[in-house]
Number of protein chains: 2
Amino acid sequence: LNLPRTIAGLDTPALLIERSRLDANLAEMAALCARYGVRLRPHVKTHKCPAIAARQRALGAVGLCAAKVSEAAVFAAAGFDDLLVAYPLTGARKVAALRALPARVSTLADDVEGVRELDAAWSGEPLPVHVKVDVGLGRVGVRWDRPEAVVALAQAIDAAPNLRFAGLLTHAGHAYGAAPEDVARIGREEGERLVALAGAVRDAGLEVPSVSVGSTPTARHAVAVPGVTELRPGVYALNDANQVRLGVVPVERCALSVLTTVVSRPDPDRAFCDAGSKVFSSDRGAHGQAHGDHGLVVDRPDLRLVALSEEHGWLRGPARRGERLRVVPAHTCPVVNLAAEVWLVDGDDVLERWDVAARGCVR
Amino acid sequence: LNLPRTIAGLDTPALLIERSRLDANLAEMAALCARYGVRLRPHVKTHKCPAIAARQRALGAVGLCAAKVSEAAVFAAAGFDDLLVAYPLTGARKVAALRALPARVSTLADDVEGVRELDAAWSGEPLPVHVKVDVGLGRVGVRWDRPEAVVALAQAIDAAPNLRFAGLLTHAGHAYGAAPEDVARIGREEGERLVALAGAVRDAGLEVPSVSVGSTPTARHAVAVPGVTELRPGVYALNDANQVRLGVVPVERCALSVLTTVVSRPDPDRAFCDAGSKVFSSDRGAHGQAHGDHGLVVDRPDLRLVALSEEHGWLRGPARRGERLRVVPAHTCPVVNLAAEVWLVDGDDVLERWDVAARGCVR
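Residues numbered from 1 in each chain as written. Chains lettered and ligands numbered in written order. Predicted model: local features only at pLDDT ≥ 70, side-chain atom pairs only at ≥ 80, totals over all residues. Heavy atoms only, no water.

### Things to note about the interface of chain B and chain A
On the side of chain A, 63 residues touch chain B, which itself brings 63 residues to the contact. In total, chain B and chain A occlude about 5000 Å² of area from one another, counting both sides; carbon and sulfur atoms represent 45% of this. Put simply, chain B and chain A have 18 salt bridges between them. When the shortest N-O distance is used, the salt bridge between Asp11(B) and Arg93(A) registers 3.9 Å. Linking chain B with chain A are 34 residue pairs in polar contact (both at pLDDT 80 or more), by the criterion used here. Of all the secondary-structure elements, those providing two or more residues to the side of chain B that touches chain A are helix H4 (92-99), helix H5 (112-121), strand E11 (256-267), strand E12 (270-273), helix H10 (277-280) and helix H11 (332-337) of chain B. Counting residues per element, the side of chain B that touches chain A draws most heavily on E11(B), at 5 residues. Partitioning the side of chain B that touches chain A into residue classes produces 22 nonpolar, 18 polar and 23 charged. (Contact = heavy atoms within 4.5 Å. Buried area = accessible area lost by both parts, 1.4 Å probe. Salt bridge = Lys/Arg side-chain N within 4 Å of Asp/Glu carboxyl O. Polar contact = N/O pair within 3.5 Å; in protein donor to acceptor, adjacent residues only side chain to side chain. Helix = DSSP H or I, 4+ residues; strand = E, 2+ residues; numbered from the N terminus. Nonpolar A, V, L, I, M, F, W, Y, C, P; charged D, E, K, R; others polar.)

### Topic: the relation of the copies chain B and chain A
Rotating chain B by 180° and moving it 0.0 Å along the rotation axis overlays it on chain A with an RMSD of 0.0 Å. What we have between these two chains is a two-fold relation. Scanning chain B for the C-alpha nearest the rotation axis identifies Ser282(B), at a separation of 2.5 Å. A share of 100% of interface residues in chain B that are also interface residues in chain A marks the association as one of identical surfaces. (Least-squares fit on C-alpha atoms with pLDDT ≥ 70 in both.)

### Remarks on the side chain of His130(B)
All names here are of chain B. Inspection of the secondary structure puts His 130 in strand E6 (residues 127-134). By relative accessible area, which is 5% here, His 130 ends up buried. Those residues in contact with His 130 that sit more than four places away from it in its chain are Leu 84, Ser 106, Thr 107, Leu 108, Ala 109, Ile 157, Ala 166, Gly 167, Leu 168, Leu 169 and Ser 210. (Buried < 20%, exposed > 50% of the residue type's maximum accessible area, 1.4 Å probe, protein only.)

### Observations concerning the environment of Cys273(A)
By the element assignment, Cys273(A) lies in strand E12 (residues 270-273). Residues Cys273(A) and Ala77(A), spaced 196 residues apart in sequence, show a C-alpha to C-alpha distance of 37 Å.

### What to know about the pattern of salt bridges
Scanning the model with the defined rule gives 60 salt bridges over all chains in all. With a closest N to O distance of 2.7 Å, Arg363(B) and Glu341(A) form a salt bridge. Here Arg363(B) is found in the segment after strand E18 (349-355), whereas its partner Glu341(A) is found in strand E17 (residues 341-346) on a different chain. Residue classification places Glu341(A) among the buried residues on the basis of a relative accessible area of 9%. Salt bridges linked by common partners bring Lys48(A), Lys68(A), Glu71(A), Lys278(B) and Glu311(B) together as one network.

### Describing the side chain of His47(A)
All names here are of chain A. With respect to the helices and strands, His 47 occurs in the loop between strand E2 (39-40) and helix H2 (50-58). There is a polar contact of 3.0 Å between the side chain of His 47 and the side chain of Gln 56. His 47 has contacts with Ile 52, Ala 53, Gln 56, Phe 75, Ala 237, Leu 238, Val 336 and Val 356, leaving out every residue within four places of it along the chain.

### Points about unusual backbone geometry
The residue after Thr12(A), namely Pro13(A), is reached through a cis peptide bond having omega -5°. Here Pro13(A) shows up in the segment before strand E1 (14-18). Positive phi values are uncommon outside glycine, yet Ser281(A) reaches one of about 60°. With respect to the secondary-structure elements, Ser281(A) resides in the loop between helix H10 (277-280) and strand E13 (295-297). With a phi angle near 60°, Asp82(B) is a residue other than glycine that sits in the positive phi range. Its place among the elements puts Asp82(B) in the loop between helix H3 (69-77) and strand E4 (83-85).

### Brief notes about the nonpolar core
Counting residues in hydrophobic clusters, the biggest one holds 101 residues, and the most contacted among them are Ile17(A), Leu22(A), Leu98(A), Val131(A), Phe165(A), Leu168(A) and Leu231(A). Among residues more than four places away in sequence, those in contact with Val131(A) are Ala109(A), Val142(A), Val150(A), Leu153(A), Ala154(A), Ile157(A), Phe165(A), Gly167(A), Leu168(A) and Leu169(A). One finds Leu153(B), Ala222(B), Val297(B) and Leu305(B) within the second-largest nonpolar core, a separate group that totals 100 residues. (Core = buried A, V, L, I, M, F, W, Y, C linked by side-chain atoms within 4.5 Å.)

### Describing the packing of aromatic side chains
By convention here, two paired aromatic rings are described through the distance between centres and the angle between planes. Inspection of the entire model under this criterion finds 4 aromatic pairs over all chains. Taken together, a centroid distance of 5.9 Å and an interplanar angle of 65° make the contact between Phe75(A) and Phe80(A) edge-to-face. Since its relative accessible area comes to 1%, Phe75(A) is described here as buried. The positively charged end of Arg193(A) is found above the aromatic ring belonging to Trp144(A), 3.6 Å away from the centroid. The side chain of Lys68(B) reaches across the aromatic face of Tyr87(B), ending 4.8 Å from its centre. (Phe/Tyr/Trp six-rings, centres within 6.5 Å; stacked < 30°, edge-to-face > 60°. Lys NZ or Arg CZ within 6 Å of the ring centre and 35° of its normal.)

### As for helix H3 (residues 69-77) of chain A
Turning to H3(A), its buried residues are Val69(A), Glu71(A), Ala72(A), Val74(A), Phe75(A) and Ala76(A). Looking at the buried residues of H3(A), the elements they touch are H2, strand E3 (64-66), strand E4 (83-85) and helix H4 (92-99) of chain A together with H10 of chain B. Positioned one or two residues after H3(A), Gly79(A) has a phi angle of 95°, which is positive.

### Topic: the packing of helix H6 (residues 147-159) of chain A against helix H7 (residues 183-203) of chain A
Residue and element names in this part refer to chain A. Contact geometry for H6 and H7: axes closest at 9 Å, N-to-C directions at 55°. By the angle between their axes, H6 is oblique relative to H7. For the element pair H6 and H7, the recorded crossing hand is right-handed. Here Pro 147, Val 150, Val 151 and Ala 154 of H6 lie close against H7, whose contacting residues are Leu 197, Ala 200 and Val 201. Across the contact of H6 with H7, the residue classes tally to 7 nonpolar, no polar and no charged. (Axes fitted to C-alpha atoms, helices over the stretch in contact; angles between N-to-C directions. Parallel < 35°, antiparallel > 145°, perpendicular 65-115°, else oblique. Left-handed = near helix turned anticlockwise from the far one by under 90°.)

### Notes on the confidence of the model for chain A
Of all residues in chain A, 100% attain a pLDDT of 70 or more, and the chain-wide mean is 97. With a pTM of 0.97, the predicted complex shows an ipTM of 0.97. (pLDDT = per-residue confidence, 0-100.)

### Side note on the packing of H4(A) against helix H5 (residues 112-121) of chain A
Residue and element names in this part refer to chain A. For the pair H4 and H5, interaxial distance at closest approach is 9 Å and the crossing angle is 55°. Considering their axes alone, H4 and H5 lie oblique with respect to each other. Viewed along their axes, H4 and H5 form a crossing whose handedness is right-handed. Residues Ala 92, Val 95 and Arg 99 of H4 pack against Glu 117, Leu 118 and Ala 121 of H5. Residue composition of the contact of H4 with H5, by class: 4 nonpolar, no polar and 2 charged.

### Things to note about the state of the cysteines
One pass over the full model with this rule turns up 0 disulfides over all chains. For Cys33(A), which is in no disulfide, the shortest distance to another cysteine sulfur is to Cys65(A) and amounts to 13 Å. In this structure Cys254(B) is a free cysteine whose sulfur lies 12 Å from that of Cys333(B), the closest cysteine sulfur available. Note on Cys254(B): relative accessible area 3%, which makes it buried. (Disulfide = S-S within 2.5 Å.)

### Brief notes about the pairing of strand E15 (residues 313-316) of chain B
Residue and element names in this part refer to chain B. In this structure, E12 lies alongside E15, joined through 4 bridges in antiparallel fashion. Each residue of the ladder has a partner; that of Cys 273, found in E15, is Gly 313. Sheet analysis places strand E14 (residues 304-308) next to E15, joined by 4 bridges and oriented antiparallel. Residue pairing for E15: Leu 308 is matched across the bridge by Gly 313. Connecting the antiparallel pair E14 and E15 is a turn made up of 4 residues. (Pairing = 2+ DSSP bridges.)

What follows is the structure in structure tokens.
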């Protein structure tokens, strides 16, 4: 495929990743984990690109985290090992798909029925299974304030012949909907609640090989809690306007942007660009916690991206027909999921084209 | 590829299209247009499947409408002719891509600069160009209450050596955000405003070959306005929960559903399924006009799909872990855009597998 020398040679809309920002983001998280002696297992759902996972591995990542088996399969095929599928697999078909991956794998469970299904469909080397804990998001997992249920589930895993209890795992996704001043507290709670539960499991006589937390907003707060052993952030590689809103990073650390062309300007203060919800998604925040605009127009504080049709971005402000804009999206992960490829750039220079190899892996 | 006999053989999440409902929807719109002597030019953005476009053509569609050149290219490659790219093409690259399509094509413009660009980059047989009119959505197009600007733009197209004035075109997308009782009025206005403008253009001495309206909610109201010559609805082929909310169709006419498995049930009245925003999108209504839930759980009024994470649907109500649900999405088009394939079904029987050939065509 033809690689244009500069972004002027790219058709729009297109996704750009600024190399220096990507590398700074990856290096900072690796250094943070190294400082605390915590293992880093990046979640690939954000970038879905083996080329970025390779950079993460080179910086010391112990393995990868994926949301679905089919997503893990892309990285297994690309030669990555030690893949954690952080999802409650349900039904023998899903467990068989996990078994078929050409890599060491692990997963999680959040109830006894799930443990039974995993055990029934697995054989050979025992499958490492974490107990999924809900520390406040209110989604899947055993609630953190039910230590007896966490212990019972750990024991059920331990007692299953084909499974091995791998530790405790959580995701403080409620940080995405929080006020910026609450993020540090949520991060500390994420670590402290999980560490306390690990103590309860140990008191019941089980080893707890891993105490794994993960979310980009809470990472630097949870990692500092003694007893946390693993971090699974995803968004940190690219960042987005949500992370800026939450005070996690300045906008200069947002590596992903959408290159888009203004295609219509019916009024002096209203314009439309060629990237709509088929590029930005309609997601303005993780777990449906919407905040603010659909993106930040880079270097153009006079422009706002206030709404989306499928193929139109609705801009407020004095845009010119034909001008190109770079827009940092509200939420990176679903934007990458919509793209066939991303372009690694250094300012206006195009360096590489990467397939979004794990696009659309929903099974 | 293996075609399972029944949906029990499909891995989840998966998109199902109920054949009888699809065929009923297609037949009804074809009959409506035939009754009024209006040409039907379905918008392919909803289904993105040549197999469905072939059914539409067999029922008398005069051609197809596409949102972007790359979307039209998929249908040109599949042998479809007379493709209208209903988007303000901007820049010589886009016009060259349109020229390269192996089909008769047409497009639109909403300002004089766009007309100049089209004319400069075209040659040979004149390109048919419509004037895009904004009848109330507030997006691209010349406003309907500025007839002098509409006439001037039609004249500019007519005067351009490489272009041919093709008529007037609009999309009453504001119907999606309307109260059900306002849809009929919006549909009549859509037709009446465009017909009045066509009169103004004729008074200026130009022929108006086409007066083209298009949106599923307004279709049956706009089509009845004398002087309307073409209808370009898209959603009607599959329908969705928005159309039900707007009173356009009963839920029994929704042909698309998401087949999903309940993977976790932390509380008796809270559960999670394996289809999240990567399947449903986060779009609950066209043009960002959000209403209600993310979908309707078929035959389960006790369950609501109230929120989405990327891989989790948040259900309220008494679901069982492991059970499969069929969910009619809030807005069909972005759901299809996220899928690699759809399964044509007759109840529980799987009939065919169709590629979503025009998935992700954003350029």
